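Residue-level structure breakdown
Letter by letter, the chains look like this.
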2 protein chains.
Amino acid sequence: MIRWANMNAIILSTGTELTTGQCVDTNSAWLSAALGRFGVRVIRHVTVGDDIQDIRQAMGEALDSTDLVVATGGLGPTADDLTRDALAEAIEQPLEENAEALGQIRAIFERWQRPWHEANRVQAMIPRGCTVIPNPRGTAPGIWYHTASTDLFVLPGVPAEMRAMFAAAVVPVVEKRCGGARTERARLPCFGISEAKLGELIQDLMVRGRNPLVGTTASGGVISVRLVAWGKDEAEAKRLLADDISEVRRRLGSVVFGERDDTLEGVVGQMLLERHLTIATAESCTGGLLAKRLTDVPGSSAYFLRGYVTYANEAKSELLGVPPELIMSKGAVSEEVAAAMATGCRAAAGSDLGVGITGIAGPTGGQPPEKPVGLVYIALADSGGVEVKRILFGEHLVRSEIRDRACKTALNLIRLRL
Amino acid sequence: MIRWANMNAIILSTGTELTTGQCVDTNSAWLSAALGRFGVRVIRHVTVGDDIQDIRQAMGEALDSTDLVVATGGLGPTADDLTRDALAEAIEQPLEENAEALGQIRAIFERWQRPWHEANRVQAMIPRGCTVIPNPRGTAPGIWYHTASTDLFVLPGVPAEMRAMFAAAVVPVVEKRCGGARTERARLPCFGISEAKLGELIQDLMVRGRNPLVGTTASGGVISVRLVAWGKDEAEAKRLLADDISEVRRRLGSVVFGERDDTLEGVVGQMLLERHLTIATAESCTGGLLAKRLTDVPGSSAYFLRGYVTYANEAKSELLGVPPELIMSKGAVSEEVAAAMATGCRAAAGSDLGVGITGIAGPTGGQPPEKPVGLVYIALADSGGVEVKRILFGEHLVRSEIRDRACKTALNLIRLRL
């Protein structure tokens, strides 16, 4: 059972760019997850525009109903930056120029060699009795309002500044008030299994209210098992999490391809590097996407020798040695051509591994029932021979999704071979 | 001057996945922009978890303070879907099984050939006096609560369902209440100019409070000029917008590469198609990304013949005929090698155009000061010869950004040539 610390929080975002829908608010989700780590329960997100009445009212309501308020945005030097004024009104204190804040702002201008404008002084105005939070990455200092029962933090809206100041100023206060309780999170990315099938294998762990809490999410063919463990301290949370990670890995076996933010191309790259193997690719329907993914990884020049994007049949024959008769008799989208592309690019490049992909990504070009849109052949050649996988992606997938899934399937094939 | 209609709105989102930060709420931004089109001013977004008290309280507050409330989420069939119950409590009406809603839900199950569970009946429970909103894409009907002064809509949280139901049920009501006033939006994507320089050229149009409102945003090297026009009816808004689009296009000339969601690869593909020209690519540091972008476009097989990803020097010589001595003397990252790659792939493919890209995407491999990370040469060959562009991307860009910008610069070079 996940037990929340005795602390509720409200996240308040300000900015007319948010209430007009020009920007999506990502700060609130980030702050909620960050506070959740300490067992703080976020009960509400509120977003208002750059209007002093609206901000003051939202701040007042938040202060009346929770122990902790984290507000972001509206700390800049221009006329529509009103959070300082709204806070001053909400807590009924006058704004005063703060010497410490002014010094920090001036220091930033000097460091960045930017000309000083008197308008920037406004960023040093802080309500009486509040504490200044230094901003290591920008000119807007944050503000901490503290009473015996309540803490309200105002941070800039720029995510990089907000996150750094959250870590420096908010985390110590929350840690102290929550008494060491922690939640720890993990993600195990999986490929080559349906979400339903995976769910069956770990059904008894996915019980509501269990600790750790185990759930699954699916995105772009990758199924992620997500775990959240709660402990009375960090060590307990980590131990519970590690136990469940082992159990999930034991049950799911090789479909788990990594941890945290691991990608298939990153994992495959690491394996190739460790085994001193090289690779070459020959792509038709994926048009270079597999080469692009493999070379997304820094240092990939150590194992990626070359890639062919052979869209035209002539290119397949001329560059990869696929016999024109084979293309004529079996069709460009066939098991035989995929295999010839894989062995052909491996031979031409002199690489240890060769990958061939041919298929119909759509929306046109399908010839049902034998060769509908979504039919893809993926071949992997090495010194032992060539293996071809036939996949039929469903009608519900569009061109970009078919290309994406075909590349992931190829990467997974390489991973399992290695 | 943009004038808002006399109508304020609050957007309410429900879901513990939002208040715990597992998901970012994108519905509120979408709804705000959609309502803005009719001149509705969104004064607040509120997000609460799957807690009946929290939802009821947020609904009550929203109904007390605005004319229009749009709520999303919590309409599913499981125990944590509580929006129906919260609405019933907020408006003090009992929940009743609605025959119309039940019929719609049963029809969806039959159409999808899914087994019927009695648990799904709960989705047909609607507070007395409310109207059912059919869901064309899912099983959860929406709910419309209407009084003389107030409209509250509850829609599902799944974006595709929410958007379809917003168009069908919310738009007609808002149109009627707002009396025909409209805002119209446009975007002109530009490439090959800095945001500051572009801003100077249209400075007098970017005045606060002007109608149309003109602004710029930058993302991934593409600068977008965004325009919002307000009119007493749709025709006036469209006319004002069209006038400003002409003026911006006149001033910016060829840096404007399209409209709305146009991409460089889409525009280039259209040009190649219209002129019956073909293209081939030879990539080093971009590793297939340019081929991938070109073949992202459906129908690109008509003009994209083949792509080479020549990471290794041997591949450059063997496949593209780049003399090994040239690579030795000038280096793989040089004007001469880029040119040889472009002419080599054009000759090998027999295409009208050939593109060669070589550079250092980092994070390692730089040899400052002559060849630092971020140095890229892009060559474009046609029957008239070869043109090479040298670009030095700044230190603030990471590997993926350097690869992205190099591809966009190549696409823009092709566009300007055509």
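Residues numbered from 1 in each chain as written. Chains lettered and ligands numbered in written order. Predicted model: local features only at pLDDT ≥ 70, side-chain atom pairs only at ≥ 80, totals over all residues.

Focus: the interface of chain B and chain A
The interface of chain B with chain A comprises 46 residues on the first partner and 45 residues on the second. Secondary structure elements with two or more residues in the side of chain B that touches chain A: helix H2 (27-36), strand E2 (41-48), helix H10 (289-295), strand E13 (304-310) and helix H14 (399-417) of chain B. Grouping the constituent residues of the side of chain B that touches chain A by class yields 21 nonpolar, 18 polar and 7 charged. (Contact = placed C-beta atoms within 7 Å. Helix = DSSP H or I, 4+ residues; strand = E, 2+ residues; numbered from the N terminus. Nonpolar A, V, L, I, M, F, W, Y, C, P; charged D, E, K, R; others polar.)

What to know about the relation of the copies chain B and chain A
Take chain B, turn it by 180 degrees, move it 0.4 Å along the axis, and it overlays chain A with an RMSD of 0.4 Å. Here the copies are linked by what is in effect a two-fold axis. In this assembly the copies share their binding face: 98% of the residues contributing to the interface of chain B also contribute to that of chain A. (Least-squares fit on C-alpha atoms with pLDDT ≥ 70 in both.)

A short note on the pairing of strand E16 (residues 385-392) of chain B
Residues and elements named next belong to chain B. With 8 bridges connecting them, strand E15 (residues 375-382) and E16 associate as antiparallel partners. Residue pairing for E16: Asp382 is matched across the bridge by Gly385. Turn length for the E15-E16 hairpin, with the two strands adjacent in sequence and antiparallel, is 2 residues. (Pairing = 2+ DSSP bridges.)

Thoughts on the sheet that holds strand E8 (residues 151-155) of chain B
Pairing is mixed in the open sheet, where 12 strands are placed in the order E6(A)-E7(A)-E8(A)-E3(A)-E1(A)-E2(A)-E2(B)-E1(B)-E3(B)-E8(B)-E7(B)-E6(B). Edge positions in the sheet fall to strand E6 (131-133) of chain A together with strand E6 (131-133) of chain B, since each has one partner strand and no second. Each adjacent strand pair in this sheet contributes to an overall mean axis angle of 15 degrees, direction not counted. As paired elements, E6(B) and strand E7 (residues 142-146) of chain B share 3 bridges and run antiparallel to each other. The partner of B:Val132 across the bridge, within E7(B), is B:Ile143. In the packing of helix H3 (residues 52-65) of chain A onto the sheet, the strands contacted are strand E1 (8-14), strand E2 (41-48), strand E3 (68-72) and strand E8 (151-155) of chain A together with E2 of chain B, and the crossing angle to E1(A) comes to about 175 degrees. Lying over the sheet, helix H3 (residues 52-65) of chain B contacts E2 of chain A together with strand E1 (8-14), E2, strand E3 (68-72) and E8 of chain B, oriented at roughly 175 degrees with respect to E1(B). (Axes fitted to C-alpha atoms, helices over the stretch in contact; angles between N-to-C directions.)

Side note on the sheet that holds strand E14 (residues 353-359) of chain B
A sheet is described by the order of its strands in space; here 10 strands give the open sequence E16(A)-E15(A)-E14(A)-E12(A)-E13(A)-E13(B)-E12(B)-E14(B)-E15(B)-E16(B), paired in mixed fashion. The open sheet has two edge strands, strand E16 (385-392) of chain A together with E16 of chain B, and neither has a second partner. When strand polarity is set aside, the average angle formed by the axes of neighbouring strands in this sheet is 10 degrees. When strand E12 (residues 279-283) of chain A meets strand E13 (residues 304-310) of chain A, the two strands line up parallel, connected through 5 bridges. Bridge pairing in E13(A) places A:Glu283 opposite A:Val309. On the sheet, helix H13 (residues 335-349) of chain B packs against strand E12 (279-283), E13, E14, E15 and E16 of chain B and is oriented at approximately 145 degrees with respect to E14(B).

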